[in-house]
2 protein chains.
Amino acid sequence: MAERPTLAPAVLDELAAALDAERVVTDAAGVDEFKDPYWIPGDDSYLGSAVVYPTTVEEVQEVMRIANRHGVAVWPHGQGRGGYGGPSPRVRGSIQISLRKMDKVLEINEELAYAVVEPGVRWFDLYDAIEAGGHSLQLTVPDLGWGSVIGNSMDNGMTYMPYGADFQLLCGLEVVLPTGELVRTGMGAIPDNKSWHLYRRGLGPSFGEMFAQSNFGIVVKAGVWLQRKPEAYVSVNLSVGQDADFEAAVDALRELRLAKVIEGVPALYAALTAAPQLIDAQVDFDLSRPLTDEELQAYADETGVGIWAGRTALWGTKAIVEAKLEAIRRVWEAIPSGRVLASKVYAPADYPDITLSTEQVQAGIPTLQLIEAQPPWLGHIGFSPIMPLQGSEVRFVMEQIRTRLREDGLNFLGGVFAFNERTACIVTGIPFDVRDEAQTRQAYASAKRLVQEVGALGYGEYRAHVDFMDEAQGVYDWNDGAYRRFAETIKDAIDPNGVLSPGRHGIWPERFRDA
Amino acid sequence: MAERPTLAPAVLDELAAALDAERVVTDAAGVDEFKDPYWIPGDDSYLGSAVVYPTTVEEVQEVMRIANRHGVAVWPHGQGRGGYGGPSPRVRGSIQISLRKMDKVLEINEELAYAVVEPGVRWFDLYDAIEAGGHSLQLTVPDLGWGSVIGNSMDNGMTYMPYGADFQLLCGLEVVLPTGELVRTGMGAIPDNKSWHLYRRGLGPSFGEMFAQSNFGIVVKAGVWLQRKPEAYVSVNLSVGQDADFEAAVDALRELRLAKVIEGVPALYAALTAAPQLIDAQVDFDLSRPLTDEELQAYADETGVGIWAGRTALWGTKAIVEAKLEAIRRVWEAIPSGRVLASKVYAPADYPDITLSTEQVQAGIPTLQLIEAQPPWLGHIGFSPIMPLQGSEVRFVMEQIRTRLREDGLNFLGGVFAFNERTACIVTGIPFDVRDEAQTRQAYASAKRLVQEVGALGYGEYRAHVDFMDEAQGVYDWNDGAYRRFAETIKDAIDPNGVLSPGRHGIWPERFRDA
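These figures come from a predicted structure and were not determined experimentally. (Residues numbered from 1 in each chain as written. Chains lettered and ligands numbered in written order. Predicted model: local features only at pLDDT ≥ 70, side-chain atom pairs only at ≥ 80, totals over all residues. Heavy atoms only, no water.)

> Teacher, can you tell me more about the overall build of chain A here?
Counting its regular elements, chain A contains 16 helices and 19 strands. Scaling as 2.2 N^0.38, a compact globule of 515 residues should have a C-alpha radius of gyration of about 24 Å, and chain A matches this with 23 Å. Judged by the C-alpha coordinates and their principal axes, chain A covers about 70 × 55 × 45 Å. Of the contacts made within chain A by residues no fewer than 6 positions apart, 72% connect residues no fewer than 24 positions apart. The positive charge centre, built from 46 side chains, and the negative charge centre, built from 71, are 3 Å apart in chain A. (Helix = DSSP H or I, 4+ residues; strand = E, 2+ residues; numbered from the N terminus. Rg over C-alpha atoms; globule rule 2.2 N^0.38 Å. Contact = heavy atoms within 4.5 Å. Lys, Arg positive; Asp, Glu negative; His and termini not counted. Charge placed at Lys NZ, Arg CZ, Asp CG, Glu CD.)

What follows is the structure, given as structure tokens:
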């Protein structure tokens with residue numbers, strides 16, 4: 001292991017003057033707090049040099065000005081809880097900007113159903129603020145409530161309710177540009193505009209979505225769209241008992257989404273993933289070897305979860321929810337081994353009674369149940385390719401993934417998410433034992449193999465782990481990498497010193513490209 | 001009137017060599033075909049020098065290369081039917097690139113419910129191709145079917161079905177950049193990718209929406225999302241009989257949209273606008289003076305249309321449509337003078353029987369009825385500010401507009417559109433008699449006055465007429481014009497010679513800013 005990366009004293013002095021000495025952290029324990037907990041032990045390829053904790057927009061701007069003066073790379077994160085490498089910077093020795101101390105819920109607008117938050121606000125925090133204010137509003141949340149609302153969204157992370165994907169959650173951003181300048185998107189370009197967090201566009205080109213997954217700016221404030229708590233909420237499990245019905249299940253999800261019967265983001269999990277989430281069953285399999293199809297089918301049958309088991313939910317008036325549930329049954333029960341399991345019809349007053357993780361999440365109640373149910377040694381690494389929401393396509397890619405994982409002695413966790421009415425993402429969580437260095441290394445090697453080999457078949461990742469962002473971007477190479485070259489032309493124009501998140505998702509500023 | 005603008009012979013020679021001599025048009029009649037029919041007679045501020053008609057992507061690229069070599073501005077359009085100045089270039093003497101001859105429907109995918117079109121494809125053309133293929137698919141359309149699907153979308157034009165606003169219609173663009181280079185957005189950056197027209201993102205920053213309303217590229221190919229024809233379709237008129245209920249009507253639209261009961265883009269029109277559209281009544285008022293409130297109320301009462309009358313529609317299974325109609329009635333009929341008028345429940349087999357314009361449009365059947373019903377002398381100029389979808393806000397802005405129009409001797413046509421569940425746009429069509437030069441000039445002067453005076457109150461346009469794009473952009477001046485400066489930084493990086501649509505929506509390349 002090389003020596004830990006350090007910053008020049010002049011840089012540290014300027015950071016300490018701009019913030020406060022105690023918000024510029026360089027000791028090993030403080031920096032290691034933002035290491036990916038699942039990364040290969042002893043490998044410090046993605047280790048930062050310091051962590052700074054700004055508390056205001058002006059401090060974020062000042063950090064960027066210091067970075068520009070000294071040509072030092074910075075790597076911002078909200079809570080640092082993201083999968084895909086967590087808070088680890090792509091460039092070793094980067095200054096990590098933790099936005100955890102920018103944690104204010106700035107506004108909750110009941111009538112127009114939105115909130116405005118800073119990037120350190122977690123799902124838990126926003127939920128608590130909504131409840132404390134007595135608002136009849138709910139928030140789409142991911143499986144784990146500890147992450148940053150803005151941070152997750154800026155990674156194109158998904159959640160399960162109608163604003164759960166395709167950049168629908170955030171509206172109206174305030175962004176610190178790489179030079180330290182401040183810009184507002186959409187209607188925010190009009191001073192004190194009342195529609196900033198209501199309408200994503202302005203006049204001329206719209207820039208909101210280009211700040212997601214990019215290294216074009218640091219979002220320091222954003223509107224978050226909320227929903228009224230509906231008269232009726234039903235959580236729905238959709239399963240098939242036989243693997244032969246997988247294609248039909250995927251096609252059914254597409255038809256239900258296209259018809260807008262399902263308006264959230266449904267997921268269809270492999271049995272091992274579904275059981276602890278959907279029916280509260282335990283998994284205590286030995287994952288040191290790949291489980292066979294027979295073992296998986298036996299597990300699915302014993303728990304009753306189904307070999308593929310999914311979830312979605314309905315929100316609306318009682319009559320609309322009932323009509324939609326009927327429409328779901330009509331489609332899903334036409335699948336030979338298809339089974340629909342609906343929860344009771346919850347009214348908002350019933351929400352405190354909800355205890356099952358999946359029912360909480362789809363009611364917008366943040367929780368950590370999913371990770372608390374896991375053994376502490378269980379790490380995972382993600383591979384998440386995009387494909388058409390068609391049974392035949394999803395089957396093909398699923399088999400490509402599972403075959404390679406078995407060859408490599410590994411198991412498949414995860415499932416199929418219908419990101420929109422036409423798109424599937426197979427979110428693969430390759431499980432490994434964090435105490436087992438060999439298995440850990442194998443998992444990362446296998447993930448990189450999947451990126452390249454499944455990528456060569458035309459299936460690109462929607463989000464890539466920091467360890468193989470370049471390989472994942474390499475798949476996007478139509479017309480001699482025209483997309484990447486276009487992104488890098490913009491990068492060079494707005495970040496002339498190449499300091500903000502160099503290499504994020506494979507987009508590099510000029511000084512690194514030349515190196 | 002100055003002499004008509006001309007191009008240097010060297011430019012014309014190169015264009016003729018790149019295309020064909022007959023697709024490079026410079027005669028007055030040919031160029032005048034792309035003049036705004038409503039513009040001030042005799043004023044040639046926005047007159048082009050030539051019209052070129054490329055037929056292939058390569059020809060568009062070659063036109064851009066020629067423009068770069070000679071530093072000549074170009075101004076592309078699909079059909080040239082857009083309101084807000086039609087096809088007129090902001091910079092006098094620009095080469096107009098008409099994309100009318102790139103008119104191929106390249107693909108219709110029934111299973112995944114999308115089409116791929118070139119920019120010359122009109123709503124009529126795509127509809128005809130879907131019907132000719134026997135597909136059970138429908139397309140959201142605007143009031144007039146003669147425009148370009150891509151062109152309308154690239155102006156952020158709206159339509160009435162669920163994909164009708166907020167850049168939801170197009171997915172996956174092929175774009176000729178100002179330099180002539182070719183780029184594909186989203187999954188199109190992977191060679192031959194099956195998800196190009198299904199998923200808007202890729203890996204890294206997403207650029208789709210930034211090509212709308214911009215001068216960053218020419219879209220030469222795009223995916224268009226379609227919907228399955230539903231089991232049941234109902235067109236719904238929502239009106240209030242008394243002006244005092246206007247606020248309640250706007251708030252009801254918000255609540256119905258937030259609850260996802262209404263999923264299309266509802267509009268609430270002033271009586272004069274509503275009558276010919278929603279109930280087929282005629283308007284033969286003398287618009288040479290402003291009508292009084294009493295006259296408008298009398299007209300609303302006589303025709304029975306309601307002083308404010310809106311439209312929306314429902315699509316789904318019969319049971320879902322019925323449950324939603326019930327939810328609409330519950331909300332709307334709580335308004336004192338509120339009235340809900342639903343059409344019969346149409347099944348797809350009934351569509352050929354539909355004759356009323358509003359019912360056709362909301363069933364995705366393109367038509368020209370609206371313009372055919374207008375007297376030929378009726379011109380209009382638009383002013384379209386964005387505001388919160390709240391009764392009090394919409395009332396305030398509406399009164400600001402109507403008061404000024406009355407002061408200027410003009411009438412208000414148009415209405416309130418709920419672009420999304422939180423945003424209203426008042427689309428003002430100031431009517432004038434194209435034969436009356438004084439009234440025409442007054443209408444343009446009044447529109448510019450509205451842009452500036454209502455803009456100063458914080459209400460910016462979502463789309464501006466070519467004659468006051470700079471004034472409209474001037475409203476977006478937070479932080480010393482940070483948005484415009486950011487847009488122009490990108491403009492300079494990707495269009496170093498400043499040739500593509502200079503000044504579109506107030507974004508200018510460097511060589512014009514310095515002038």
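After presenting the structure, the write-up continues.
> I would appreciate a short explanation of the interface of chain B and chain A in the present structure.
The accessible area lost on association of the parts is a frequent measure of interface size. Tallying the contact residues gives 97 residues for chain B and 97 residues for chain A. Summed over both partners, the interface of chain B with chain A buries about 8400 Å², with 59% contributed by carbon and sulfur atoms. Together, Leu203, Arg422 and Trp478 of chain B form the three largest contributors to the area buried by chain B at its contact with chain A, with a combined 11%. Our count for the chain B to chain A interface comes out at 12 salt bridges. For Glu255 of chain B, the salt bridge is made with Arg228 of chain A, and the minimal N-O distance between the two is 2.7 Å. At the junction of chain B with chain A, the criterion picks out 49 residue pairs in polar contact (both at pLDDT 80 or more). Those elements that provide at least two residues to the side of chain B that touches chain A are β9 (182-184), α6 (246-258), α9 (318-332), β17 (386-388), α14 (469-474) and α15 (478-494) of chain B. The leading source of residues in the side of chain B that touches chain A is α15 of chain B, at 11 residues. Considering only residue class, the side of chain B that touches chain A consists of 51 nonpolar, 21 polar and 25 charged. (Buried area = accessible area lost by both parts, 1.4 Å probe. Salt bridge = Lys/Arg side-chain N within 4 Å of Asp/Glu carboxyl O. Polar contact = N/O pair within 3.5 Å; in protein donor to acceptor, adjacent residues only side chain to side chain. Nonpolar A, V, L, I, M, F, W, Y, C, P; charged D, E, K, R; others polar.)

> Can you help me understand the pattern of salt bridges in this one?
Side chains carrying opposite charge are able to pair once their charged atoms draw close together. Per the counting criterion, the structure on display carries 94 salt bridges over all chains. Put simply, Arg23 of chain A and Asp20 of chain A hold a salt bridge, and the shortest N to O gap is 3.3 Å. For Arg23 of chain A, a relative accessible area of 10% puts it in the buried group. The class for Asp20 of chain A is partly exposed, based on a relative accessible area of 33%. Its salt-bridge partner being Arg92 of chain A, residue Asp44 of chain A comes within 3.2 Å of it at the nearest N-O pair. Of the two residues, Asp44 of chain A is situated in the loop between α2 (28-32) and β2 (50-52) and Arg92 of chain A in the loop between β3 (74-77) and β4 (95-98); the sequence distance between them amounts to 48 residues. Asp44 of chain A sits in the buried class, given a relative accessible area of 11%. In this structure, a network of salt bridges that share partners links the residues Glu111 and Arg228 of chain A together with Asp251, Arg254 and Glu255 of chain B. (Buried < 20%, exposed > 50% of the residue type's maximum accessible area, 1.4 Å probe, protein only.)

> Before we go on, may I ask you to explain the side chain of Asn193 of chain B in this structure?
Relative to the assigned elements, Asn193 of chain B resides in the loop between β9 and β10 (218-225). Of the residues examined, Asn193 of chain B reaches a relative accessible area of 9% and is grouped as buried. If we ignore the near neighbours within four places in the chain, the residues touching Asn193 of chain B are Gly458 of chain A together with Met187 of chain B.

> I would appreciate a short explanation of the relation of the copies chain B and chain A in the present structure.
Note on the chain copies: they are related by a rotation about an axis and a translation along it. Of the transformation superimposing chain B on chain A, the axial component is 0.0 Å and the angular component is 180°, with the fit at an RMSD of 0.0 Å. Taken together, the rotation and translation relating the two chain copies correspond to the operation of a two-fold axis. A shared interface surface links the copies, since 100% of the contact residues of chain B are contact residues in chain A too. (Least-squares fit on C-alpha atoms with pLDDT ≥ 70 in both.)

> How do you make sense of the sheet that holds strand β4 (residues 95-98) of chain B when you look at a structure like this?
Pairing between the strands of a sheet comes from backbone hydrogen bonds, and it takes one of two forms, parallel or antiparallel. All names here are of chain B. The four strands lie next to each other as β1-β2-β4-β3, forming an open sheet whose pairing is mixed. Lying at the two open borders of the sheet, with one neighbouring strand each, are β1 (24-25) and β3 (74-77). Sheet analysis places β1 next to strand β2 (residues 50-52), joined by two bridges and oriented antiparallel. Paired with Val24 across the bridge in β2 is Val52. (Pairing = 2+ DSSP bridges.)

> Hey, could you run me through the sheet that holds β10 of chain B in this one?
Residue and element names in this part refer to chain B. On the basis of which strands lie adjacent, the open sheet formed by five strands has the order β5-β6-β10-β8-β9 and antiparallel pairing. Where the open sheet ends on each side, the last strands, each with one partner, are β5 (105-109) and β9. When strand polarity is set aside, the average angle formed by the axes of neighbouring strands in this sheet is 15°. Across three bridges, the pairing between strand β8 (residues 170-176) and β9 is antiparallel. Across the sheet, Val176 pairs through a bridge with Leu182, a residue of β9. Of the strands in this sheet, β5, β6 (114-117) and β10 are in contact with helix α4 (residues 123-132), which crosses β5 at around 50°. (Axes fitted to C-alpha atoms, helices over the stretch in contact; angles between N-to-C directions.)

> Just checking my understanding: could you explain the nonpolar core for this structure?
Side chains that are nonpolar tend, in soluble globular proteins, to be buried together. The biggest cluster of nonpolar side chains holds 281 residues, and the ones touching the most others in it are Phe207, Phe211 and Trp332 of chain A together with Phe207, Phe211 and Trp332 of chain B. The contact partners of Phe207 of chain A, leaving out residues within four places of it in the chain, are Thr185 of chain A together with Glu209, Met210, Phe216, Tyr483, Phe486, Ala487 and Ile490 of chain B. (Core = buried A, V, L, I, M, F, W, Y, C linked by side-chain atoms within 4.5 Å.)

> I keep staring at the side chain of Ser94 of chain A and nothing clicks. Help me out?
Examined against the element boundaries, Ser94 of chain A turns out to sit in the loop between β3 and β4. Here the side chain of Ser94 of chain A touches Val91 of chain A through a polar contact of 2.7 Å, landing on its backbone oxygen.

> Would you take a moment to explain the environment of Arg23 of chain B for this structure?
Residue and element names in this part refer to chain B. Mapped onto the fold, Arg23 is located in the loop between α1 (9-18) and β1. Placed 78 residues apart in sequence, Arg23 and Lys101 show a C-alpha to C-alpha distance of 9.7 Å. In this structure Arg23 touches Val51, Val52, Tyr53, Pro54, Thr55, Glu59 and Lys101, once residues within four positions along its chain are discounted. Here the side chain of Arg23 touches Tyr53 through a polar contact of 2.9 Å, landing on its backbone oxygen.

> So what exactly am I meant to see when it comes to the pairing of strand β5 (residues 105-109) of chain A here?
Walk down a regular strand and you will see the side chains alternate between the two sheet faces. Of the pairings in the sheet, the one linking β5 of chain A to strand β6 (residues 114-117) of chain A comprises four bridges and is antiparallel in character. Each residue of the ladder has a partner; that of Val105 of chain A, found in β6 of chain A, is Val117 of chain A.

> Please clarify how the domain arrangement of chain A should be interpreted in this entry.
All names here are of chain A. By domain assignment, chain A separates into domain 1 (9-98), domain 2 (105-228), domain 3 (232-468) and domain 4 (476-513). Distance between the C-alpha centres of domain 1 and domain 4: 21 Å. In this assembly, 11 residues from domain 1 lie in contact with 11 residues from domain 4. Carbon and sulfur atoms make up 65% of the surface buried where domain 1 meets domain 4, a total of about 830 Å² over both sides. When residues of domain 1 are sorted by the area they lose upon contact with domain 4, Asn68, Trp75 and Val91 head the list and together hold 43% of the total. The tally of links between domain 1 and domain 4 comes to four residue pairs in polar contact (both at pLDDT 80 or more). Within the residue set of the side of domain 1 that touches domain 4, elements represented by two or more residues are α3 (57-70) and β3. Of the residues that constitute the side of domain 1 that touches domain 4, the class distribution is eight nonpolar, two polar and one charged. (Domains from an automatic or database assignment.)

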